[in-house]
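# Structural characterization, general
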Amino acid sequence: MHPCTLRRIAVPLLTIIAGAWMPDRAVANTGACLAPAPVCASRSAVFRIESFSPFASAVRIADSLLVTNRHVVADANEVAVYVAGKKRTASVLPSSFDGDLVLLQVTLPAGPTMPPASQRVRRGDTVRTVGYDLSQRQIRVYLEGRVISPPADGYALARLHHTAHTQPGNSGGAVVNDAGELVGIATSGGAGIFEAVSVQRIDAVRAASGGGHADRHRRLSAAYRSCTFATEAAQRARGRVPFRLAALLENECLETGNRQFIALAAQAFGRGLEFGRSRALFERALAIDPNAHNSRLGLVQTLIFAREYEAAVPHVTTLLASIPENISAQRAAVQVGKFADNTALVARALDAIRLHDPAGLDAAERFLALPARGPQSRQPRRLQDATRPANDRTDQTNGTGPVSDE
């Protein structure tokens, strides 16, 4: 899945996950805020910022302190913060925090800060994204979604996964509950599955920030910049990833420690039909966050194209258990079950389709009736880290090919 940012480049990073994150009629509130009053009020604690990414967001957590994503700042030392249309300059606080967060120090007029959630989020909780909307040129509240998976226990960099629409410009913005409390910092997503860094990690980034962390900050920030440009270059490449670019993808993207960047590198190798390298990087990504459903979908697509169907079985089984309503997960399970000759998996996939997408049942049964021939090792049209950016819009193919829709 891609970072929810927008950069001024010929081939934006967000196109790596196919289907360009453009809002549609089902995406966001228009006009007056239609959310609960505390959620609408939370807009005053979210600001548009401009840095390595010209359109991003930040959340006020103290009088002169904002939090945003490291990927929107990269190695910049200063960030423009827009307050009532006027630009102020914020300083980036050096940080050795390994997650996708940094702090910004800036003088702001008196105003509210975003309170952290009083309780941890649970699966099924209602959440909304609050961030900068490029088309409307304002901070807005998007339509509600649900928590799919809270951060996985025991994984320090695991994220909150949810279905609240998040789009470019929202990176660094707030994901809030119905009380207008901060549950996470919006980060990335696609195909109706979006991510946030948990609010519980803000204390960790505060503890890891300051002058004493400058050396690690410089290395991490340089890796973010290098990995971003490498994934953009890989998107433009045709065929096998060139040697020097491959080294950047493997070294710099791994150096970030950022699961979504590692998954973007995995996609690049998948597009180049280097399935072994793609699989290894997707597995590294899932070792950071086992609930990263988009990355798991990408891994499944890599395994399908590599014809490693047995290896894909546990992954599609996990997806059916965690996101049975996801059409891409259903289709991947049907395909893997058929080619692995796993009738139990096929039965579970058909049960999920009957329950969540009955209109797709006929197509699935017709596919199962075809000769059992696996995907050809040809250059796929795209490799995505999730199913197509549905913005909670639809589900799309997440990977390399045939099980498409996102």
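Quick look at the structure, then.

How each quantity is defined
Residues numbered from 1 in each chain as written. Predicted model: local features only at pLDDT ≥ 70, side-chain atom pairs only at ≥ 80, totals over all residues. Heavy atoms only, no water. Helix = DSSP H or I, 4+ residues; strand = E, 2+ residues; numbered from the N terminus. Buried < 20%, exposed > 50% of the residue type's maximum accessible area, 1.4 Å probe, protein only. Areas by Shrake-Rupley, 256 points an atom, 1.4 Å probe, with all protein chains shown as cover. Axes fitted to C-alpha atoms, helices over the stretch in contact; angles between N-to-C directions. Parallel < 35°, antiparallel > 145°, perpendicular 65-115°, else oblique. Left-handed = near helix turned anticlockwise from the far one by under 90°. Contact = heavy atoms within 4.5 Å. Nonpolar A, V, L, I, M, F, W, Y, C, P; charged D, E, K, R; others polar. Disulfide = S-S within 2.5 Å. Salt bridge = Lys/Arg side-chain N within 4 Å of Asp/Glu carboxyl O. Polar contact = N/O pair within 3.5 Å; in protein donor to acceptor, adjacent residues only side chain to side chain.

### Some points on the overall build of the protein chain
Along the backbone of the protein chain there are 12 helices and 14 strands. Per-residue burial over the protein chain gives 59% buried out of 406 residues. Accessible surface, the protein chain: about 15,600 Å² in total, of which carbon and sulfur atoms supply 51%.

### So, the packing of helix α8 (residues 293-305) against helix α9 (residues 309-322)
Across the interface, α8 lies against α9 with an axial gap of 9 Å and an inter-helix angle of 150°. Our classification of the angle between α8 and α9 gives roughly antiparallel. Once α8 is placed against α9, the crossing between them reads as left-handed. Contacts from His293, Arg296, Leu297, Leu299, Val300, Leu303 and Ile304 of α8 reach α9 at Tyr309, Ala311, Ala312, His315, Val316, Thr318, Leu319 and Ser322. Split into classes, the residues belonging to the contact of α8 with α9 amount to 10 nonpolar, four polar and one charged.

### Some points on the state of the cysteines
One pass over the structure, following the stated rule, counts two disulfides. Linked covalently through their sulfurs, Cys33 and Cys40 form a disulfide whose S-S length is 2.0 Å. Judged by the sign of its S-S torsion, about -85°, the cystine formed by Cys33 and Cys40 is left-handed. One disulfide in the model links Cys227 with Cys253; its S-S distance is 2.1 Å. Note on the Cys227 and Cys253 pair: the S-S dihedral is about 95°, so by sign convention the disulfide is right-handed. Placement of the pair is Cys227 in helix α4 (residues 214-236) and Cys253 in helix α5 (residues 243-256), with a sequence separation of 26 residues. We note that Cys227, like Cys253, is buried. Numbered by order of appearance in the sequence, the disulfide-linked cysteines of the protein chain pair as 1-2, 3-4.

### Concerning the pattern of salt bridges
Counted by the stated rule, this structure contains 20 salt bridges. Among the salt bridges present, the one from Arg128 reaches Asp178, with a minimum N-O distance of 2.7 Å. With a gap of 50 residues between them, Arg128 in strand β8 (residues 126-133) and Asp178 in the loop between β12 (174-176) and β13 (182-190) connect regions that are remote in the sequence. Given a relative accessible area of 9%, Arg128 falls into the buried group. Take Asp178: its relative accessible area is 37%, and that puts it in the partly exposed class.

### Section: the side chain of Ser57
Counting through the fold element by element, Ser57 comes out in strand β3 (residues 56-62). With a relative accessible area of 0%, Ser57 lands in the buried category. A distance of 2.7 Å separates the side chain of Ser57 from the backbone oxygen of Gly169, its partner in a polar contact. Sequence-distant contacts of Ser57, defined by excluding residues within four places in its chain, comprise Val46, Phe47, Ile49, Thr68, Gly131, Tyr132, Gly169, Asn170, Ser171, Gly172 and Gly173.

Shape descriptors only; they carry no functional weight alone.
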